[in-house]
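Examining the three-dimensional arrangement
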Amino acid sequence: MPLITIITAEETVVIDVNHGSNLREVLLIHDHSPYTRLTQIANCGGRGICATCGVWIEVQEPKPKHWHDKLASQFGYPRLSCQITVEADMTIRILDDKIIWGGRDAKRAGQLRE
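Overview of the structure. (Residues numbered from 1 in each chain as written. Predicted model: local features only at pLDDT ≥ 70, side-chain atom pairs only at ≥ 80, totals over all residues. Heavy atoms only, no water.)

**Some details on the overall build of the protein**
Helix and strand counts for the protein stand at two helices and seven strands. Secondary structure of the protein in N-to-C order comes out as β-β-β-α-β-α-β-β-β. For 114 residues, the compact-globule estimate of 2.2 N^0.38 gives 13 Å, and the C-alpha radius of gyration of the protein, at 13 Å, lies within 12% of that figure. Scored against the burial criterion, the 114 residues of the protein give a buried share of 46%. Sequence-distant contacts in the protein: of pairs separated by 6 or more residues, those separated by 24 or more amount to 63%. For the protein, the accessible area works out to roughly 6,500 Å², and carbon and sulfur atoms hold 51% of it. Positive and negative charge centroids in the protein, built from 13 and 14 side chains respectively, lie 8 Å apart. (Helix = DSSP H or I, 4+ residues; strand = E, 2+ residues; numbered from the N terminus. Rg over C-alpha atoms; globule rule 2.2 N^0.38 Å. Buried < 20%, exposed > 50% of the residue type's maximum accessible area, 1.4 Å probe, protein only. Contact = heavy atoms within 4.5 Å. Areas by Shrake-Rupley, 256 points an atom, 1.4 Å probe, with all protein chains shown as cover. Lys, Arg positive; Asp, Glu negative; His and termini not counted. Charge placed at Lys NZ, Arg CZ, Asp CG, Glu CD.)

Laid out in structure tokens, this is it:
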């Protein structure tokens, strides 16, 4: 079973997840929502359209498969947790400072973190 390390402003936790789990669903189940107060109710429900579930992947970043997630990765925006399948251990950072979407980090553009 893969381990996901979740980093927030308040804590770092490690959870076991089933191989093939959807990252967004795992985060919601374990009370580590990738959403803000505003986007908690105004989001696309995991269809990869709104980009409000973005998180930074710090370690073991999987290659993006969904078109919107590919663009996020290519241009240095947070990855769409709704479009990430957990297949290996990874470390993610919940964006505590976003209002709707997370901001761009040019240093992450086109760079997968291993």
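What follows picks up the thread again.
**Looking at a negative patch on the surface**
Residues Glu10, Glu11, Asp96 and Asp97 make up a contiguous surface patch of negative charge. Tracing the chain through its elements places Asp97 in the segment after β7 (90-94). Residue Asp97 is classed as exposed on the basis of its relative accessible area, which comes to 69%. (Patch = residues over 30% accessible without salt bridge, like charges linked within 9 Å, V, L, I, M, F, W, Y side chains within 5 Å. Salt bridge = Lys/Arg side-chain N within 4 Å of Asp/Glu carboxyl O.)

**As for the sheet that holds strand β1 (residues 3-7)**
Overall, mixed pairing links the five strands, which are arranged β2-β1-β7-β4-β5 in an open sheet. The outermost strands of the open sheet, each flanked by one partner alone, are β2 (12-16) and β5 (79-80). With five bridges joining them, β1 and β2 adopt antiparallel strand pairing. Note on β2: the bridge partner recorded for Leu3 is Asp16. (Pairing = 2+ DSSP bridges.)

**Topic: the packing of aromatic side chains**
The final tally for this structure, using the stated rule, is zero aromatic pairs. The ring of Trp56 has Arg108 lying over it, and the distance from NZ or CZ to the ring centre is 4.1 Å. (Phe/Tyr/Trp six-rings, centres within 6.5 Å; stacked < 30°, edge-to-face > 60°. Lys NZ or Arg CZ within 6 Å of the ring centre and 35° of its normal.)

**Notes on the pairing of strand β4 (residues 54-59)**
The element β4 is largely enclosed, with a buried count of five among its six residues. Two elements, β4 and β5, share two bridges in a ladder whose sense is antiparallel. In the strand pairing of β5, Val55 is matched with Arg79. Across four bridges, the pairing between β4 and β7 is antiparallel. Each bridged residue has a counterpart across the sheet, and for Val55 the counterpart in β7 is Ile94.

**Examining the pairing of β7**
Of all five residues making up β7, four are buried, and the element is well covered by its neighbours. Here four bridges tie β1 to β7, and the two strands are oriented parallel to one another. Bridged to Ile6 within β7 is Ile92.

**A few points about unusual backbone geometry**
A positive phi angle, close to 55°, is found at Asp31, a residue other than glycine. Of note, Asp31 is situated in the loop between α1 (23-29) and β4. One non-glycine residue, Ala51, adopts positive backbone phi at about 65°.

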